[in-house]
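Topology and contacts: notes
Listed below are the residues making up each chain.
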Amino acid sequence: MDSGQLSRAEALALSGHRHACHVMLYSTTNTQLFGKIPIRYIILMQMRFDGLLGFPGGLVDPSRETLEDGLSRELLEELGVRLPVSIEDHVSSCYGPPLRPISSSSSSSSSSFYSPPPLITHFYVKKIEEEQVKEVERAAASTAADHGLEVLGMVRVPLYTLKRGGGLPLFLSHTFIGNARSQLVSTILRLQMMAREELHKALTLSVQTHR
Ligand code: GTP
Ligand code: MN
Ligand code: MN
Ligand code: MN
Ligand code: MN
Ligand code: MN
């Protein structure tokens, strides 16, 4: 287990912390890229308002709603669909402020003294049908309240490697919010969505690929 991990119950017992819940929605698929490269899994991520890649979800106040109800509420806002997430879908809870995006040096002096309560990030993984993936994509691009605002669009994760690091290596070389990149990589490994060696090769290539 990664350092900084704690159980869902331990996390909820901590006072004075903020909580955020995000989910990896995925399905299997039989489709093939260019009619020859098997896609195998569709994993949904999103381009956020700040230009970072992340999973759908958001801040939840456990004194007002359960983590899972809060996550489902965020999914309704961000994806425009009702998708119940349950406690069985919980994968990990992690301490600590996630890496911050580049901070502006022009921030006022008073704001540099304010730091919000520490954040605990809860991660869920939920398998859905390929048809539901398409429904999510349609709704997220049309009726979702946050479309074009907090969420600029849904993206699928390429799980194959092409010439010159195309596919997963280039995808992983983009910039992610918090620990979304490691949430993605560890789930691909845990669910054996790719061969371990192929994933390691993609990770190596991702840091060599030019940005
Ligand atoms: P508001 O409605 O504007 O509050 O946004 P939100 O509730 O949708 O919150 P958001 O999704 O931005 O998540 C809150 C915080 O959780 C972010 O500021 C990040 O620090 C962190 N975060 C966001 N997405 C992810 C993710 O995919 N993985 C992880 N680990 N953390 C994330
Ligand atoms: Mn074409
Ligand atoms: Mn949100
Ligand atoms: Mn969000
Ligand atoms: Mn929110
Ligand atoms: Mn919001």
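For the structure, see preceding data.
Criteria and cut-off values
- Residues numbered from 1 in each chain as written.
- Chains lettered and ligands numbered in written order.
- Predicted model: local features only at pLDDT ≥ 70, side-chain atom pairs only at ≥ 80, totals over all residues.
- Heavy atoms only, no water.
- Helix = DSSP H or I, 4+ residues; strand = E, 2+ residues; numbered from the N terminus.
- Buried < 20%, exposed > 50% of the residue type's maximum accessible area, 1.4 Å probe, protein only.
- Contact = heavy atoms within 4.5 Å.
- Areas by Shrake-Rupley, 256 points an atom, 1.4 Å probe, with all protein chains shown as cover.
- Polar contact = N/O pair within 3.5 Å; in protein donor to acceptor, adjacent residues only side chain to side chain.
- Core = buried A, V, L, I, M, F, W, Y, C linked by side-chain atoms within 4.5 Å.
- Near = heavy atom within 4 Å.
- Nonpolar A, V, L, I, M, F, W, Y, C, P; charged D, E, K, R; others polar.
- Donors = N, O, S within 2.8 Å, 3.2 Å for Na, K, Ca; no water.

**Looking at the overall build of the protein chain**
Helix and strand content of the protein chain: 6 helices and 10 strands. Expressed as a percentage of its 211 residues, the buried residues of the protein chain come to 43%. The contacts of the protein chain with a sequence gap of at least 6 include a subset with a gap of at least 24, amounting to 72%. If you sum the accessible surface of the protein chain, you get close to 11900 Å²; carbon and sulfur atoms cover 55% of it.

**Some thoughts on the side chain of R48**
Turning to its location among the elements, R48 is positioned in strand β5 (residues 41–48). Within the structure, the side chain of R48 is placed 2.8 Å from the side chain of D50, a separation counted as a polar contact. If we ignore the near neighbours within four places in the chain, the residues touching R48 are L53, G54, E150, L152 and I177.

**Side note on the nonpolar core**
Generally speaking, soluble globular proteins have nonpolar side chains that are buried together. Ranked by size, the top nonpolar core spans 23 residues in total, and within it I43, L159 and L184 carry the most contacts. For this core, the secondary structure elements donating two or more residues are β2 (18–28), β5, β9 (119–127), α4 (168–172), α5 (180–190) and α6 (196–208). The greatest single-element share of this core, amounting to 4 residues, is contributed by α5. Setting aside residues no more than four positions away along its own chain, I43 makes contact with M24, L25, Y26, V155, R156, V157, L159, L184, I188 and M193. Listed in part, the 21 residues of the second largest apolar core include L71, Y124, V136 and M154.

**Digging into the site of ligand 1**
The immediate surroundings of ligand 1 are formed by 18 residues, with F55, L59, E78, N179 and Q183 found nearest. Contact between ligand 1 and H22: an oxygen atom at 2.9 Å from a side-chain N or O atom of the residue. In the environment of ligand 1, an oxygen atom lies 2.9 Å from a nitrogen or oxygen atom belonging to the backbone of F55. Looking at the shell around ligand 1, the elements that each hand over two or more residues are β2, β7 (57–60), α2 (67–79), β9 and α5. Of all the elements, β7 adds the most residues to the shell around ligand 1, at 3 residues. Taken together, the residues that form the shell around ligand 1 break down as 7 nonpolar, 7 polar and 4 charged.

**Remarks on the coordination of the manganese ion (ligand 3)**
Donor atoms from the polypeptide that coordinate the manganese ion (ligand 3) comprise E74 (OE) and E78 (OE), at 2.1 to 2.2 Å from the metal. Between the two metals, the manganese ion (ligand 3) and the manganese ion (ligand 4), the spacing is 3.3 Å, and E78 donates to both. On the criterion of helical spacing, the pair formed by E74 and E78 is a turn pair, its members being 4 residues apart in helix α2. Of the residues examined, E74 reaches a relative accessible area of 7% and is grouped as buried. Residue classification places E78 among the buried residues on the basis of a relative accessible area of 4%.

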